[in-house]
Structures are given as C-alpha cells and as structure tokens.
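Residue-level structural notes
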Amino acid sequence: MGLRTVADIAAAGAPRPPEWAMTNLATALVETSGQHGDRPALRLDDRTMTYREFLDAARGVAGLLRSRDVGAGDRVGMVFPNVPAFPVVFYGALLAGCVVVPMNPLLKGREIEFYLDDAGMSLVFAWDQAADAAREAAQGRDIEVVAVDAAGPDDGTLEGAAPLDEPVDRDDDDTAVILYTSGTTGSPKGAELTHANLATNARTSTTTLTELGPDDVVMGCLPLFHVFGLTCGLNSAVRSGACLTLLPRFDGTKALSMIGRDHVTVFEGVPTMYSGLLHVEDREQYDVSSLRCCISGGSAMPVEVLREFEETFGCIVLEGYGLSETSPVASFNHPHAERKAGSVGTPVAGMELRLVDDDGEDVTGDDPGEIAIRGEGLMKGYWGRPEATAESIPDGWFRTGDVARRDDDGYYFIVDRKKEMIIRGGYNVYPREIEEALYEHSAVAEVAVIGIAHRDLGEEVGAAVALRPGAEVDVEELRDFAKERVAAYKYPRHVWLLDELPKGPTGKILRREVEPPEDL
C-alpha cells in the first residue's frame, strides 16, 4: 500500500495497520528526481545542485556504503553543518537501507565518542573541517571515518564503488534515523524515528504547514541535524520538489540578503532567528517581497517578537509545536484557520494531543496540564533504553514534560517546561510568563528566567537579560518593569545583564545553562 493511502488513513484518525509496509523514505528523492530532475534542489551561495544531480550523488554514497558491507539496519553517523554534503549523505545512507545518526558539527572528539558507542555505528561521514574530531573519537574503535568536503564525496572517494540503482526495501516501522535529544538531565537519549514517522510528518509539513510546491524556495537556516530542519526543511523540500537554499551558520544580515537573492518563499526558524532578523541594521532596506509563509517552532515565540516581525517584514508567522520524539510536528496554527498569537495551534492530521495531571488523568477547564501526544509521528522508542521508553510512553501517550493550557476552541498555549517551573514560597511561577513581560521592554533582545535557590522560599525568581544593540537600561528599571506586569510573587527579584544568552544548536535559549552571578 502506498504512502498516499497510509497518510489518508492516518489523517482520518484510524490507526496504521502494522502489516502495511511503506517504501524507503529515500524513495521520495527518486520520485522527485523523475518528475523535476532539472529543477534546483540544493543551493549554497553560487553553487546549485539539481534533483537529478542530487540523486546521482546520493546513489554514489549508497554504493560506497555497499562496497564497505554497510547496509540495512547498520548505523551510519554524519557530522555536517548545512552544506550540500548533508542531504547527499543523508539520502545516500537511506537508499542503502542504513539508519542515519546526525550529529552537531561543533561536537568535540570526546563528545562524539558517546554517540559512536551508544548507537553502535559502523561508519561515519564527516565534513572535512570536522573530520579530526570524528577521527579522534573513532580511535580504538572499528569505525571508518570518511571525510568529504561541502559538496559531498568526490570521485576519488567513490572510486571502485558502483552506484546503487534502487533503494533498499524498508518497512514503515523500520528505524530510519536516530536523533539524540539533549534532555535536561543525564546522557542524551536517541529517539528512533521510523521511515513512516518521517514520511508522514514531511507530508504534513508540505501540505499543511507550508503548502510547498516545486516553485518554492525554502530557507535552510535551521540545522539539518535537528528534527525541525530535517523534516520541515530538507524532507519536505525533497517531497515537494522545492529548492532548499542553505545557510551553514545563522546570521541575520546574511539571511535577509539570501531571501532577496534567492527569492525565498518560505522561512522556517526558531524565535531567536526571528529576533536576529529584527536586529539587522537597516533591515527595511532588504527585499523580502518573495516571502509568503513564515513558520516558527523549537520554543515558544514571545508575542512581542512575533508582532514586531510581522509589522516590519509584512509576513505572518505561524507557530507550531513538536519534539524530536514526534518527528516533530504535533500541532500548528493552520494557514486557513484562525491564527491565535501566543498559541501553538491545534493538532495536525494524524496526531492527537491531550493535557494530563501527574497521575495521567485528563485535565479539564482552564487548568494547565502536561501535554501528552500519540499518533503517526510518535517515535518507535529510545534506542537501547526500554526503561526510558516505558517511562515516557506509559500508556501509548508520550509525556512531553511541557505544560500547556487549552482554550475552548482547542488551541494549545505552552505555559512552560514542567521541569523548569519555579516554585516560590509554594506558588508556581512559569518562566515564560515572566519572559513575555520583559520582552515588552523596548531595550530587551533576549531573556531567560530561572529559579535561584532560596533558604526561606525554596526558590527565588531571577532573569538574565541581553539587550538590543545600542540599548542602555539598568537592572532596577527592568525589575520594576516586570513588577508592574505580573503578580507580586512572580516578578524577578534578581535581574542581571549578559552579552548573549546560552543557546542550543538550533538557537533555542537554554535556561538550564543560565547561571546567576556569584554575588546574588
């Protein structure tokens, strides 16, 4: 049974019969190349690769893996930024039936070691500028490291390896990718995403989020080794025949110039990227008239940032929600429905959301609860961690650790991470609410609110703030500003300024890495 029928069944709310098999996720590249072979698939500045060239290069990678006896089910590592080599190696490994394990190219050798051992990798492809770290990690292990440049493996690397003609057959429940989630405590866990997980979520992204077609150009500034960029950027572009224009390292000025140069129609980013575009000097001088759709995810977008972006650039931003464990899209402000600022929308086709309390019982009314998710995008489980899988999915519903409320129209509003909630003197304080208040100050560019240990109250509320370029304000003014906008027990008694807040690979602000000054 083909992908279209399975997707239609899932969209109608029926479970996917386990005996129905889907073809390899990489079949999408084969089909798109056949339909749009001469159209641009990947762009990096002045270099463009057509879909036919993309498929030929991926087939070469698959042939190389076969020549090394690396095939169906074997784990293949990737250490690349957003350069053409990433899509080429990713789809090449899938064509060969392998399980792909993308890694952050900024990882050091000792960090890569964990992924090599935990996933049990057979081979690692690494960008030439990250190859030394990969080789350091592979020392003493029977793991080959293949270094390639930004374009992908050259003829010398592929010499003697015949290209693979057809994708290796895989079933819909076979693992396609292992994406490691950073979590808030302990070692990273590898979320096993199947061919069906990724195929259906790419379908949802293409048809629901962005309505992509072969005439579209997608901004590829989200890291492809992260699930948001992988699914909503790369896999969705391949499925629809759109062009993905790549930006290896996000820079607001560069991104704005690319929008005009490449006639970008769809911008996908995390909130800090939208803030970055707003902070570009002479931002109004850039041509962004080609934009028709902007989507945001990864973390909750401050309403003030959303409002200012839309006023400045004249393009509406639609916000969604998901996690690595859900492939990722679970809910979204659908393009042809009411958009509610501050909301992550309603469940997408094939996914279900509910709010539960600590006992797993449904939360009703306006009370916040933990988001639980099930559906076609839900991961197979955590690689090699059955106990962690059972704990996070105790009854078929994945416990996200995110707290939200739901309005009468079924729209979800993220309140905060359950684990990051501050309990001050017995009162619950959700950091995002305080951050939203501080974002309303004209001098504030970024803010992270955290709990600080307190002898009497248990925790006190603290706020780390980064200012906009050229802005000046003292911490007392910021504290009083927040005090005027939130309840007395909520406002941050401690405020301090930083040049920049710590961020993860996608640009998401990492509250857990924010530390208060020693003199507090």
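One can find the structure itself at the top, above this paragraph.
Notes on the structure in this doc start here. On a predicted model such as this, the values are computed, not experimentally measured, just so you know.

Whenever strands of a sheet pair, they do so through backbone hydrogen bonds, lying parallel or antiparallel. The three strands lie next to each other as β23-β24-β25, forming an open sheet whose pairing is mixed. A strand with exactly one partner marks an edge of an open sheet, and here the two such strands are β23 (444-454) and β25 (494-497). For this sheet, the mean inter-axis angle between neighbouring strands, taken without regard to orientation, is 25°. Pairing geometry for strand β24 (residues 458-467) and β25, over four bridges, is parallel. Directly across from Gly 462, in β25, lies its bridge partner His 494. Helix α15 (residues 475-483) contacts β23, β24 and β25 of the sheet and is inclined by roughly 135° relative to β25.

Okay, the pattern of salt bridges next. Per the counting criterion, the structure on display carries 39 salt bridges. One salt bridge connects Glu 376 with Arg 203, and the closest N-O pair in it is separated by 2.6 Å. Taken together, the residues span a long stretch of sequence, with Glu 376 in the loop between β17 (369-375) and β18 (381-382) and Arg 203 in helix α8 (residues 195-209) at a distance of 173 residues. Residue Glu 376 is classed as buried on the basis of its relative accessible area, which comes to 7%. Across the pair Lys 418 and Asp 358 runs a salt bridge, and its minimum N-O distance is 2.8 Å. You can see Lys 418 sitting in the loop between β20 (412-417) and β21 (422-424) and its partner Asp 358 sitting in the loop between β16 (351-356) and β17, a full 60 residues away along the chain. Residue classification places Lys 418 among the partly exposed positions, given a relative accessible area of 33%. Each of Arg 43, Asp 45, Lys 254, Arg 261 and Asp 262 takes part in a single network of salt bridges with overlapping partners.

The rules behind these values
Residues numbered from 1 in each chain as written. Predicted model: local features only at pLDDT ≥ 70, side-chain atom pairs only at ≥ 80, totals over all residues. Heavy atoms only, no water. Pairing = 2+ DSSP bridges. Helix = DSSP H or I, 4+ residues; strand = E, 2+ residues; numbered from the N terminus. Axes fitted to C-alpha atoms, helices over the stretch in contact; angles between N-to-C directions. Contact = heavy atoms within 4.5 Å. Salt bridge = Lys/Arg side-chain N within 4 Å of Asp/Glu carboxyl O. Buried < 20%, exposed > 50% of the residue type's maximum accessible area, 1.4 Å probe, protein only.

Such coordinate-based values are descriptive only and should not be taken to indicate function.
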